Amino acid sequence: MTDFAATKAKFYLPHGMIYLDGNSLGPMPKGANARVNSMITDEWGQMLITGWNKAGWMGMPTGLGDRIGRLIGAEPGSVVVGDTLSIKVYQAVASALELRPDRKVVLSDSGNFPSDLYMADGLLRSLGPDYELRVVDPKVIAEHISDEVAVLLLTEVDYRTGRMHDMKTLTELAHSNGTVTVWDLAHSAGAIPVHLAECNADFAVGCTYKYLNGGPGAPAFIYVAPRLAEKVRPALSGWLGHEAPFAFDLDYRPGTGIERMRVGTPPVIQMAALASALDIWDTVDMTDVRSRSIELTELFIKRVEATCPDLELASPRDPNERGSQISFRFKEGYAAMQALIARGVIGDFRAPDIMRFGFTPLFIDTADVEQAVEIMSKIMKDKLWDNPEYKIRQRVT
Ligand SMILES: Cc1ncc(COP(=O)(O)O)c(C=O)c1O
């Protein structure tokens, strides 16, 4: 059984703050300071370039990948860390497309995160005018999977509403049509149990700065099913994905398995912060996280609906159909969120009218939820959001 009191004690949470935004940027593990400091002073400072061998920096992308792999149901040796999620989306879609050279359509949905659509669109434009990015309503995605579609690119949990796709069913349907799947797990990894191997997924990508608590700018990860890993051509063929980077050959030869999805020099300082977060995740069972998450989100919905009649639930009511965030619609949602933040309850806002709250059992408990709703109901009842200061849009919402 996961000890949630113990995991909560391992995060630095500023006094008086209820942090319901771990779905956007996770809080700092208390161990991160020492780990990053030691990386900088003992490794970079003392070892300088010898750190690549002595401190094992070069092996970190796959070492961390395996620890993330346990949380997303991936086979050992099938996940590697590096770059940013947008880059990993490009890399996965490009490699997936090459597995179906006879097809020209990438299918996605309008609930996908815009960067995924932008990256796919950018790639398809480079490939030529025959290629098409087809974007449909998430509710009808299954109906659009056909033998015309090369790649199905979906984010499992919708970043706005938390609505969750059925990975197993859609992957099966895709495969029965000869379509390759790319799953974006940005809002799944560390939020819900994911079973990549069991679902027979082909490619998956995700970030580590949200639920996984790797810190701002933490590197992304990519999964390639072992049955494909020796077959795929990495379109971003950087030297660290080469079979023998230090042979400095002029010709590219892809590395073994998942190693070929590496691109360039990994962000070692940032990986040290991620390692400290994974020290906590190593003690956690995703089934326990899921049941605690459902308990917290159910409580939140019940209390908000009882006390804030102006807010409309935007997330699926059935917990089996959503991830670990709850969104409410309110036309003055931006101002209401600013009023909450001013009172120590941190969520975020997604245009045009979504107030978004992440539930992260590693450090949020029922007392936090109750207190957050108490503050929220006062803001709504007394219209405390109706203050010009709260209506000034900041750069990051
Ligand atoms: C689903 C999804 N995909 C892609 C991205 C973009 O990630 P990055 O900025 O790390 O490239 C995000 C960022 O929040 C996201 O939520």
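Note that the coordinates shown come from a computational prediction; the quantities given were computed from them, not determined experimentally.

So, about helix α11 (residues 286–307). Between its terminal C-alpha atoms α11 stretches 31 Å, which fits the 32 Å expected from 22 residues at 1.5 Å a residue. All of the buried residues along α11 are M286, D288, V289, R290, S293, L296, T297, L299, F300, I301 and V304. Its side-chain oxygen placed 2.7 Å from the backbone nitrogen of T287, D285 serves as the N-cap of α11.

A few words on the pattern of salt bridges. Counted under the stated rule, the structure contains 28 salt bridges. Note that D83 is salt-bridged to K88, the shortest N-O span being 2.6 Å. For D83, a relative accessible area of 27% puts it in the partly exposed group. Taking the shortest distance from any N to any O, the salt bridge between E148 and R134 comes out at 3.1 Å. Residue E148 is found in the loop between β6 (132–136) and β7 (149–155), and its partner R134 is found in strand β6; the two are separated by 14 residues along the sequence. The network of salt bridges with common partners includes R35, R67, D279 and D282.

Mapped onto the fold, T265 is located in the loop between α9 (226–229) and α10 (268–281). Residue T265 is classed as exposed on the basis of its relative accessible area of 52%.

With that settled, the discussion passes to the sheet that holds strand β15 (residues 354–358). The strand order across the open sheet built from four strands is β11-β12-β15-β14, with neighbouring strands paired in antiparallel fashion. Of all the strands in the sheet, the pair left with one neighbour each is β11 (312–313) and β14 (348–350). Sheet topology places strand β12 (residues 325–329) next to β15; five bridges connect them, and they run antiparallel. Note on β15: the bridge partner recorded for I326 is F357.

The description of two aromatic rings rests on the distance between their centres and on the angle between their planes. What the rule picks out here adds up to 12 aromatic pairs. Seen from their ring centres, F330 and W385 are 5.4 Å apart, and the 80° between their planes marks the pair as edge-to-face. Placement of the pair is F330 in the loop between β12 and α12 (333–342) and W385 in the segment after α13 (366–381), with a sequence separation of 55 residues. Side by side, F330 and W385 carry an identical accessibility label, which is buried. Ring geometry for Y334 versus F349: centroids 5.4 Å apart, planes at 80°, classification edge-to-face. Taken together, the residues span a long stretch of sequence, with Y334 in helix α12 and F349 in strand β14 at a distance of 15 residues. Neither residue differs from the other here; Y334 and F349 are each classed as buried. Of note, R393 hangs over the ring of Y334, and the distance from its end group to the ring centre comes to 4.6 Å.

Position of S78 among the secondary structure elements: in the loop between α4 (60–71) and β4 (79–81). The exposure class assigned to S78 is buried, which follows from its relative accessible area of 1%. Polar side-chain contacts of S78 include one of 2.5 Å to the backbone oxygen of E75. Once you skip the residues sitting within four places of it in the chain, S78 turns out to touch D66, I222, Y223, V224, P226 and I258.

The next subject is the packing of α11 against α13. Remark: α11 packs on α13, axes separated minimally by 10 Å, with the N-to-C direction vectors making an angle of 20°. By the criterion of interaxial angle, the relationship of α11 to α13 is roughly parallel. The interaxial crossing formed by α11 with α13 has right-handed handedness. Contact with α11, carried on its side by E295, L296, L299, F300, R303, V304 and T307, involves T366, V369, E370, V373, M376 and S377 of α13 and no other residues of that element. Among the residues forming the contact of α11 with α13, the class breakdown is seven nonpolar, three polar and three charged.

Moving on, we get to the nonpolar core. Formed by 117 residues in total, the largest nonpolar core has its most connected members in I72, L196, F203 and F300. Leave out the neighbours within four places in its chain, and F300 touches I326, F328, F357, F359, V369, V373 and M376.

A separate point is the site of the ligand. Surrounding the ligand, one finds T84, L85, S86, F113, D116, T155, D184, A186, H187, Y209 and K210. Between the ligand and the protein, one listed contact pairs an oxygen atom with a side-chain N or O atom of H187 at 2.8 Å. One nitrogen or oxygen atom from the side chain of Y209 is found 2.7 Å from an oxygen atom belonging to the ligand. Expressed as a share of its isolated accessible area of 400 Å², the protein-covered part of the ligand is 83%. Among the cavities detected, the one that contains the ligand is the largest pocket. Looking at the shell around the ligand, its residues break down into four nonpolar, four polar and three charged.

One pass over the full model with this rule turns up one cavity of 30 Å³ or more. Size it by volume and the largest cavity reaches roughly 40 Å³. G190, Y211, N213, W281, V289, T360, P361, L362 and F363 together form the lining of the largest cavity. Classifying every residue of the lining of the largest cavity by side-chain character gives six nonpolar, three polar and no charged.

The rules we used
- Residues numbered from 1 in each chain as written.
- Predicted model: local features only at pLDDT ≥ 70, side-chain atom pairs only at ≥ 80, totals over all residues.
- Heavy atoms only, no water.
- Helix = DSSP H or I, 4+ residues; strand = E, 2+ residues; numbered from the N terminus.
- Expected span 1.5 Å × (residues − 1).
- Buried < 20%, exposed > 50% of the residue type's maximum accessible area, 1.4 Å probe, protein only.
- Polar contact = N/O pair within 3.5 Å; in protein donor to acceptor, adjacent residues only side chain to side chain.
- Salt bridge = Lys/Arg side-chain N within 4 Å of Asp/Glu carboxyl O.
- Pairing = 2+ DSSP bridges.
- Phe/Tyr/Trp six-rings, centres within 6.5 Å; stacked < 30°, edge-to-face > 60°.
- Lys NZ or Arg CZ within 6 Å of the ring centre and 35° of its normal.
- Contact = heavy atoms within 4.5 Å.
- Axes fitted to C-alpha atoms, helices over the stretch in contact; angles between N-to-C directions.
- Parallel < 35°, antiparallel > 145°, perpendicular 65-115°, else oblique.
- Left-handed = near helix turned anticlockwise from the far one by under 90°.
- Nonpolar A, V, L, I, M, F, W, Y, C, P; charged D, E, K, R; others polar.
- Core = buried A, V, L, I, M, F, W, Y, C linked by side-chain atoms within 4.5 Å.
- Near = heavy atom within 4 Å.
- Areas by Shrake-Rupley, 256 points an atom, 1.4 Å probe, with all protein chains shown as cover.
- 1 Å grid on protein atoms, 1.4 Å probe; cavity = no way out; pocket = protein on both sides within 12 Å on 5 of 7 lines; lining within 4 Å.
- Sits in = over half its atoms within 2 Å of the grid points.
- Points joined across faces, edges and corners; volume = space filled by probe spheres on them.

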